[in-house]
Amino acid sequence: MLIQLATTDNELAEKEVKMIHQIGKANGLTDEEVDELMKNPRPLGPLDTLSEDQRFEYLYSLVQLMKIDGKVYKSEIVFCEEMSEKLGYKKAAVSELSAKIYSDPSITSDRESLKAKLRKLSNR
């Protein structure tokens, strides 16, 4: 999902690559495995089996990746909104998160507060 978002603007910024590698490592992938996924992205699995926390983390990471290079393209917003709906949230969840997520991943938001707000924007 992150790789698909990172390439929607037809360019892969160095900050995007680093963030994808960080998220990959946090999920037990090696740099080589992440590089292979970037070359050959896999189709997304069933999203309806994800827990509430997993759905939130996916959307949070997507919005953070969208903002990390300091440029936000309409195609990235549309992709995030589409993924938001597939994850069971309303499109408005993207703007809610976007207002509270910074382009610098070292600056973190109050995740519990954001989760509570997204529960109100859930379609489930």
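Quick notes on the rules
Residues numbered from 1 in each chain as written. Predicted model: local features only at pLDDT ≥ 70, side-chain atom pairs only at ≥ 80, totals over all residues. Heavy atoms only, no water. Helix = DSSP H or I, 4+ residues; strand = E, 2+ residues; numbered from the N terminus. Buried < 20%, exposed > 50% of the residue type's maximum accessible area, 1.4 Å probe, protein only. Lys, Arg positive; Asp, Glu negative; His and termini not counted. Salt bridge = Lys/Arg side-chain N within 4 Å of Asp/Glu carboxyl O. Polar contact = N/O pair within 3.5 Å; in protein donor to acceptor, adjacent residues only side chain to side chain. Core = buried A, V, L, I, M, F, W, Y, C linked by side-chain atoms within 4.5 Å. Contact = heavy atoms within 4.5 Å. 1 Å grid on protein atoms, 1.4 Å probe; cavity = no way out; pocket = protein on both sides within 12 Å on 5 of 7 lines; lining within 4 Å. Points joined across faces, edges and corners; volume = space filled by probe spheres on them. Nonpolar A, V, L, I, M, F, W, Y, C, P; charged D, E, K, R; others polar. pLDDT = per-residue confidence, 0-100. Expected span 1.5 Å × (residues − 1). Arc of directions from axis to C-beta.

Can you help me understand the side chain of Glu-76 in this one?
Mapped onto the elements, Glu-76 comes out in helix α5 (residues 74-86). Within the buried set, Glu-76 has no salt-bridge partner at all; the shortest N-O distance to an opposite charge, 8.9 Å, is to Lys-71. Within the structure, Glu-76 has its side chain in polar contact with the backbone nitrogen of Tyr-73 (distance 2.9 Å).

Would you take a moment to explain the nonpolar core for this structure?
In summary, soluble globular proteins display a tendency toward joint burial of nonpolar side chains. Core analysis: the largest hydrophobic core is formed by 33 residues, its most contacted members being Ile-20, Leu-59, Leu-62, Leu-65, Leu-97 and Leu-118. Residue assignment for this core shows that the elements contributing at least two residues are α1 (2-6), α2 (14-26), α3 (31-39), α4 (52-68), α5, α6 (92-98) and α7 (111-120). The leading source of residues in this core is α4, at eight residues. When neighbours within four sequence positions are excluded, Leu-59 is seen to be in contact with Cys-80, Ser-84, Leu-87, Tyr-89, Ala-93, Val-94, Leu-97 and Leu-118.

Where do I start with the layout of surface pockets in this structure?
Where empty space is left in the structure can be found by rolling a water-sized probe over the atoms. Reported here for the largest pocket is a volume of approximately 790 Å³. Lining the largest pocket are 29 residues, with Met-1, Leu-2, Ile-23, Asn-27 and Tyr-58 positioned closest to its centre. Those elements giving two or more residues to the lining of the largest pocket turn out to be α1, α2, α3 and α4. Grouping the constituent residues of the lining of the largest pocket by class yields 18 nonpolar, eight polar and three charged.

What should I look at first to understand the environment of Cys-80 in this one?
Mapped onto the elements of the fold, Cys-80 is located in helix α5. Looking at Cys-80, the relative accessible area reads 0%, which means it is buried. Between the alpha carbons of Cys-80 and Lys-39 there is a distance of 21 Å; along the sequence they are 41 residues apart. Residues contacting Cys-80, with those up to four places away along its chain left out, are Leu-5, Leu-59, Leu-62, Val-63, Met-66 and Val-94.

Sorry, what's going on with the confidence of the model for the protein chain here?
Interpreting fine coordinate detail is not advised for predicted regions of low pLDDT. Summary statistics for the protein chain give a mean pLDDT of 85 and a share of 94% for residues scoring 70 or more. Across the protein chain, element-level confidence peaks in α6 with a mean pLDDT of 95 and bottoms out in α1 with 77.

Help me understand α5, please; the structure alone is not making it clear to me.
Think of an α-helix as 3.6 residues a turn; residues three or four steps apart then line up on the same face. Helix length check: α5, at 13 residues, gives a terminal C-alpha distance of 18 Å against a target of 18 Å (1.5 Å per residue), a fit within 8%. For α5, the full list of buried residues reads Glu-76, Phe-79, Cys-80, Met-83 and Ser-84. Here the buried residues of α5 occupy an arc of 140° about the axis, which is enough to place them on one side. Where α5 is buried, its residues contact α1, α2, α4 and α6. Positive backbone phi, approximately 95°, marks Gly-88, located one or two places after α5.

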